[in-house]
Amino acid sequence: MKAEIITIGDEILIGQILDTNSAWMADQLNQIGIRVNRIVSVSDNRSEIDASLKESLSRVDVVLISGGLGPTRDDITKHTLADFFNSNLVMNEKVLSHVEELLSSRGIKVIESNRMQALVPDNCKVLFNQQGTAPGMWFEKDQKIVVSMPGVPFEMEYLMKAEVLPRLRKITGNSAIVHRTVMTQGIAESILAERIKKWEDRLPSYIKLAYLPGPQAIKLRLSAYGYEQGLMEKEVDRQIEELKKIIPEYFFGFEGDTLASVLGNLLLEKEATLSVAESCTGGYIAHQITSVAGSSEWFRGSVVAYSNDLKEKLLDVDSSLIEKYGAVSLEVVQAMVRGAIKNLNSDYAIATSGIAGPTGGTPEKPIGTVWIAIGDKKEIIARRYNFGDNRSRNIVRSTQTGLNMLRNFMLK
């Protein structure tokens, strides 16, 4: 079964609010085996709503609509749907009683526009909204389903959980969709695709692979569609185990995992501690680490030595190294790691020094040049990278790369 979602409201189209409803509804539909074909946002305009609804019904079995059910003149969804389904608006006494009781309990005078919210098309199933004044409406025509709900998120979510999803579950039966998202870091999307091409070609026809690239990580989402959820889950898990063997140095977890949290678990297992010496990342590595609950058990702290004199004073970097090689160099980041381990009394350390941009580059060290070092008291590894000319992305990529370098170092 396929569905489409229509959100109604000029406030979405002008960027005044974000459409979080659609993402939530799509997730809920996937969980009961309904595949979302398209999500669209339309203005508070009869012709736009009418046209979008006709188009959606020509493609899918279920259309969910949110928005446009308030008591003001710009909320026209209910009237548009009444016309669309050739129905008359009638007063629903149960809804009217609820509206009057709800508003009176809040000390709000009930006026005519409030009472009008109890008007519903005479050929719909009324979905009682315990959380608000606008009821949901369920229409069926030519074996197609249209459901209209308020745009207020907590009201929509209540109706979905209490009314819509239970009804749809009865229709979908044992239809299932299984999603698993693998997190990778440290490899370009094109190279990753080439590396796993043979594995991807061998995937069963009911499992689809999607690439979701970003500065934090490249996500690989496997989606299985069918009717045997248990068997599908086992096959997806088996395929992921095969994938991990192909890209062990780049795979670091699943949706919800971060490199910082994964690294923290490794440190806990080893009963070890970490410190950070940051220059170009400006404290962003420490921010990612301290975003992990419980990181105080394994994170000692960070020195943001942005200036050369602080690299010397706080991290014991020899001034002659900076004079000879420059602050952005292998020799300096190695010294920063040693200084962090010694002065912050940790077992491991990460250090960064680079030219984040948009200025400061040279022919020898262009913008985006970053040296990253990781290591312990016995061994230090340093590598040079060029992350491009976007300052914010350079900081994120340097952070993720440093965390992943140390993760691989510890695993080996």
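Before reading on, note that the structure itself is shown above.
On a predicted model such as this, the values are computed, not experimentally measured, just so you know. (Residues numbered from 1 in each chain as written. Predicted model: local features only at pLDDT ≥ 70, side-chain atom pairs only at ≥ 80, totals over all residues. Heavy atoms only, no water.)

Participant: Could you give an account of the overall build of the protein, with specific residues and numbers?
Facilitator: A tally of helices and strands in the protein yields 16 helices and 17 strands. Relative to the compact-globule value of 22 Å for 412 residues, the protein shows a C-alpha radius of gyration of 28 Å, a clear excess of over 25%. Viewed in the frame of its principal axes, the protein has a C-alpha envelope of about 85 × 55 × 45 Å. Within the protein, the proportion of its 412 residues that are buried is 50%. Pairs at least 24 residues apart make up 67% of the contacts formed inside the protein by residues separated by at least 6 positions. Of the roughly 20,000 Å² of accessible surface on the protein, a fraction of 49% belongs to carbon and sulfur atoms. (Helix = DSSP H or I, 4+ residues; strand = E, 2+ residues; numbered from the N terminus. Rg over C-alpha atoms; globule rule 2.2 N^0.38 Å. Buried < 20%, exposed > 50% of the residue type's maximum accessible area, 1.4 Å probe, protein only. Contact = heavy atoms within 4.5 Å. Areas by Shrake-Rupley, 256 points an atom, 1.4 Å probe, with all protein chains shown as cover.)

Participant: Describe in detail the packing of helix α11 (residues 259–270) against helix α16 (residues 391–411), supporting the description with residues and values.
Facilitator: For the pair α11 and α16, the least separation of the axes is 10 Å and the interaxial angle reads 30 degrees. As far as their axial angle goes, α16 and α11 are roughly parallel. Viewed along their axes, α11 and α16 form a crossing whose handedness is left-handed. From α11, Leu259, Ala260, Val262, Leu263, Leu266, Leu267 and Lys270 reach across to α16, where they touch Gln400, Leu403, Asn404, Leu406, Arg407, Met410 and Leu411. Split into classes, the residues belonging to the contact of α11 with α16 amount to 10 nonpolar, two polar and two charged. (Axes fitted to C-alpha atoms, helices over the stretch in contact; angles between N-to-C directions. Parallel < 35°, antiparallel > 145°, perpendicular 65-115°, else oblique. Left-handed = near helix turned anticlockwise from the far one by under 90°. Nonpolar A, V, L, I, M, F, W, Y, C, P; charged D, E, K, R; others polar.)

Participant: Report on the sheet that holds strand β12 (residues 251–254), specifying residues and quantitative values.
Facilitator: Read from one edge of the open sheet, four strands run β10-β11-β9-β12, paired in antiparallel fashion. In this open sheet, the two edge strands, each paired with only one partner strand, are β10 (207–213) and β12. Sheet twist, expressed as the mean angle between neighbouring strand axes with direction ignored, is 25 degrees. Across three bridges, the pairing between strand β9 (residues 176–184) and β12 is antiparallel. Across the sheet, Met183 pairs through a bridge with Gly253, a residue of β12. (Pairing = 2+ DSSP bridges.)

Participant: Break down the packing of aromatic side chains for me, citing the residues and quoting the values.
Facilitator: Counted according to the given criterion, the structure contains five aromatic pairs. Pairing Phe251 with Phe254 gives two aromatic rings, centres 5.4 Å apart and planes at 75 degrees, and the pair type is edge-to-face. Among the residues examined, Phe254 registers a relative accessible area of 32% and is labelled partly exposed. Here Tyr348 and Phe409 contribute two aromatic rings whose centre-to-centre distance is 6.4 Å and whose plane-to-plane angle is 85 degrees, an arrangement assigned as edge-to-face. On the criterion of sequence distance, the pair formed by Tyr348 in strand β15 (residues 348–354) and Phe409 in helix α16 is long-range, its members being 61 residues apart. Using a relative accessible area of 12% as the deciding quantity, one classes Tyr348 as buried. Taken together, Phe84, Phe85 and Phe139 form an aromatic cluster joined through their ring pairs. The positively charged end of Lys94 is found above the aromatic ring belonging to Phe128, 4.5 Å away from the centroid. Taking NZ or CZ as reference, Arg167 lies 5.5 Å from the ring centre of Trp138, over its face. (Phe/Tyr/Trp six-rings, centres within 6.5 Å; stacked < 30°, edge-to-face > 60°. Lys NZ or Arg CZ within 6 Å of the ring centre and 35° of its normal.)

In short, the description is geometric, and any link to function would need to be established separately.
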